[in-house]
There are 2 protein chains.
Amino acid sequence: MDNVNSKELINWTGFDLLHMHRFLAMFAAHICLNTLFLSIIMSLIILGSVAFDALETPFGKTDKIVGGAASYAALAASYCYDQVKIIGVVGEDFGENNLSKFSKHHIDITGIQIKQGEKSFFWSGKYHNDMNSRDTLITELNVLADFDPIIPPSYQDANYILLGNLSPQVQLKALERLDKRPQLVVLDTMNFWMDIALDDLKNILKQVDVLTINDEEARQLSGQYSLVKAAEVILRLGPSYLIIKKGEHGALLFGENRIFSAPALPLAEVFDPTGAGDTFAGGFIGYLAHVNATDFDSMKAAVIYGSALASFCVEKFGTERLENLTKQEINERIESFSQLTAFTI
Amino acid sequence: MDNVNSKELINWTGFDLLHMHRFLAMFAAHICLNTLFLSIIMSLIILGSVAFDALETPFGKTDKIVGGAASYAALAASYCYDQVKIIGVVGEDFGENNLSKFSKHHIDITGIQIKQGEKSFFWSGKYHNDMNSRDTLITELNVLADFDPIIPPSYQDANYILLGNLSPQVQLKALERLDKRPQLVVLDTMNFWMDIALDDLKNILKQVDVLTINDEEARQLSGQYSLVKAAEVILRLGPSYLIIKKGEHGALLFGENRIFSAPALPLAEVFDPTGAGDTFAGGFIGYLAHVNATDFDSMKAAVIYGSALASFCVEKFGTERLENLTKQEINERIESFSQLTAFTI
């Protein structure tokens, strides 16, 4: 009776014992391959400028050093996640030496186009004494003027993408050229694009999960002074989440009818604020890619991670501080954020 | 042998059994009286203006309504602590009806001098659309012009005092007229006194435990732009703790080589910001008096308590919202602050 039942079961499943062993072996192999495959295709794309900056702050000035939104964001993300891939463009002048800054952090630069005979985007600025305002001295678009983002085949199927600060047209082009929409699309932009390309910006916002802008930009985009009201307006434009960066006052995360307020670490000295917003965005999405989660609570932690990395960024000129962080330094900084905000009533 | 030893012991202590009983009874009575005595003398003094305001905001305007630093602070403190005593001065025009607003909250108004034939301090202001700046339309000092703070005997031995925003000379006079220095002296001031009475302000700062000012005032007082550096300078002037109020950006608490950052509750609408800083200070010291503690961790909680009460204050004109809060509303607001800042990494 037992044997009959076993036979019936085997017949029902369409396997005899030999086939069952084969099936189990195939199933195990399938799981292994699938895991391997997933670990290959899980990745984070960072689109943005890779450029030269020349900076002047009350603390000193630099010659041309590595700058650009993607540079800061990718370096920041690389501390959280090991599959970071840049899409950008540089000129012949950028040089292997500067590209190696990314390779050292295991950042994939297949997607950085190198335009022979052309020059990299160059920006020069001077910060005022309060470090909250700056004058642009030079902007040379160079290779960025007609940047056409090309997605290498190895970048397809990325599940996280940061569309760093660039023209909304270029951001949209990059997104549309992906075979499948990533699980999370984060877009960073600035008032400049609201001034000259608002329709294009509103167009891509419909396809974005998270928008990161600063408080003045949130007010400009929404026409509302209250940031709570501004968030309500902006979340109706498309994004499910909005992060309002407030510089020395921290950041606010809106979404799922909740609000999270993250402080900025109070710093005795801001040496050079360039790239802090990009670093924040890179740390934010890098953390989410690392935990592979996109819920509000994970985003709260990601905001703290981004804030912590941004607090390092401003300690030295350009990307210098971001190039040589240790895990311990980052963990201690995260702990400082906990200390800074925890209270018991 | 045992008896001998007992006798020896009794002799040694100088008591026989009868005396021992008497001693114990006296000791118990002493404890009871002392507890009773302590519960009488434990109190919180709030010094400041009790006045009329006429306000105009983008949401409307008021006739003369109750205002003044001590009014806001005392109402706020009364939600935390039941022994709140005001020192102030009003004119004959203030009226029983307005004074009863304090009595309803069991606030002691013995220390409010009523000047017959004179008028109360009156301030009128109009807020701009952003609610962050305002124009003063009218300032009539009236009874405040020669305010001489008198401490009623029943106020002596208070262990907490808030020296609300008034001239540093008046603040010092009030402090000096106390028989004993309270356990905690909190001082609130503003840029106006830094402009016209800096020496007097620096003089009283030497006797203060906690100073509360806003970010611009911290920069003015210290000559430092960075708030961390500003705090270092200001803490060398006397106070052991410094609270920098940043309006919609929350508050920073400095002291014991630690920093605490409290957010402001993001509000869709700020109806009338008048008195928010005074409310914060009142809630802050009221909470500390309630828990009878002055350590950094208690101050962190006190900052949240003050922030929560300030977030109510701005919801309606003047003191209106502060007059009718429930414990449940306050607890829910405190919970909102926890929700707003809690994160796990």
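Residues numbered from 1 in each chain as written. Chains lettered and ligands numbered in written order. Predicted model: local features only at pLDDT ≥ 70, side-chain atom pairs only at ≥ 80, totals over all residues. Heavy atoms only, no water.

- Under an unreviewed UniProt entry, the name given to chain A is PfkB family carbohydrate kinase, and the organism recorded is Olivibacter ginsenosidimutans.

### Description of the pattern of salt bridges
Alright, step 1. A complete count under the given rule lists 34 salt bridges over all chains for this structure.
Alright, step 2. For Lys300(B), the salt bridge goes to Asp297(B), with nearest N and O atoms at 3.6 Å. Placement of both Lys300(B) and Asp297(B) in helix H11 (residues 296–313) is noted, with a separation of 3 residues, approximately one turn of the helix.
Alright, step 3. Between Glu315(B) and Arg321(B) there is a salt bridge, with its nearest N and O atoms 2.8 Å apart.
Alright, step 4. Judged by relative accessible area, Arg321(B) falls into the buried class, the value being 15%.
Alright, step 5. Within the structure, one salt-bridge network assembled from shared partners comprises Glu315(A), Arg321(A), Glu329(A) and Arg333(A). (Salt bridge = Lys/Arg side-chain N within 4 Å of Asp/Glu carboxyl O. Helix = DSSP H or I, 4+ residues; strand = E, 2+ residues; numbered from the N terminus. Buried < 20%, exposed > 50% of the residue type's maximum accessible area, 1.4 Å probe, protein only.)

### With respect to the UniProt feature "domain: Carbohydrate kinase PfkB" (unreviewed entry) in chain A
Alright, step 1. Per the UniProt entry, the sites bearing "domain: Carbohydrate kinase PfkB" (unreviewed entry) are residues 61–320 of chain A in this numbering.
Alright, step 2. A distance of 14 Å separates the end C-alpha atoms of residues 61–320 of chain A, which is 36% helix and 24% strand. (UniProt positions renumbered as here; feature names shortened; annotations may be inferred.)

### Some remarks on the interface of chain B and chain A
Alright, step 1. The partner chain A presents 36 residues to the 36 residues of chain B that form the contact.
Alright, step 2. Surface buried jointly by chain B and chain A totals about 3000 Å² across both partners, of which 59% is contributed by carbon and sulfur atoms.
Alright, step 3. The interface formed by chain B and chain A includes 4 salt bridges.
Alright, step 4. The partner of Glu269(B) in a salt bridge is Lys229(A), with the nearest N and O atoms 2.4 Å apart.
Alright, step 5. Taken together, chain B and chain A are joined by 14 residue pairs in polar contact (both at pLDDT 80 or more).
Alright, step 6. Elements that contribute at least two residues to the side of chain B that touches chain A include exactly helix H8 (215–222), helix H9 (227–235), strand S14 (258–262), H11 and helix H13 (327–341) of chain B.
Alright, step 7. Per-element tally for the side of chain B that touches chain A: the top contributor is H13(B), with 6 residues.
Alright, step 8. Classifying every residue of the side of chain B that touches chain A by side-chain character gives 20 nonpolar, 8 polar and 8 charged. (Contact = heavy atoms within 4.5 Å. Buried area = accessible area lost by both parts, 1.4 Å probe. Polar contact = N/O pair within 3.5 Å; in protein donor to acceptor, adjacent residues only side chain to side chain. Nonpolar A, V, L, I, M, F, W, Y, C, P; charged D, E, K, R; others polar.)

### Topic: the side chain of Ser307(B)
Alright, step 1. Examined against the element boundaries, Ser307(B) turns out to sit in helix H11.
Alright, step 2. Excluding residues within four positions of it along the chain, Ser307(B) makes contact with Ala262(B), Pro263(B), Phe280(B) and Phe337(B).

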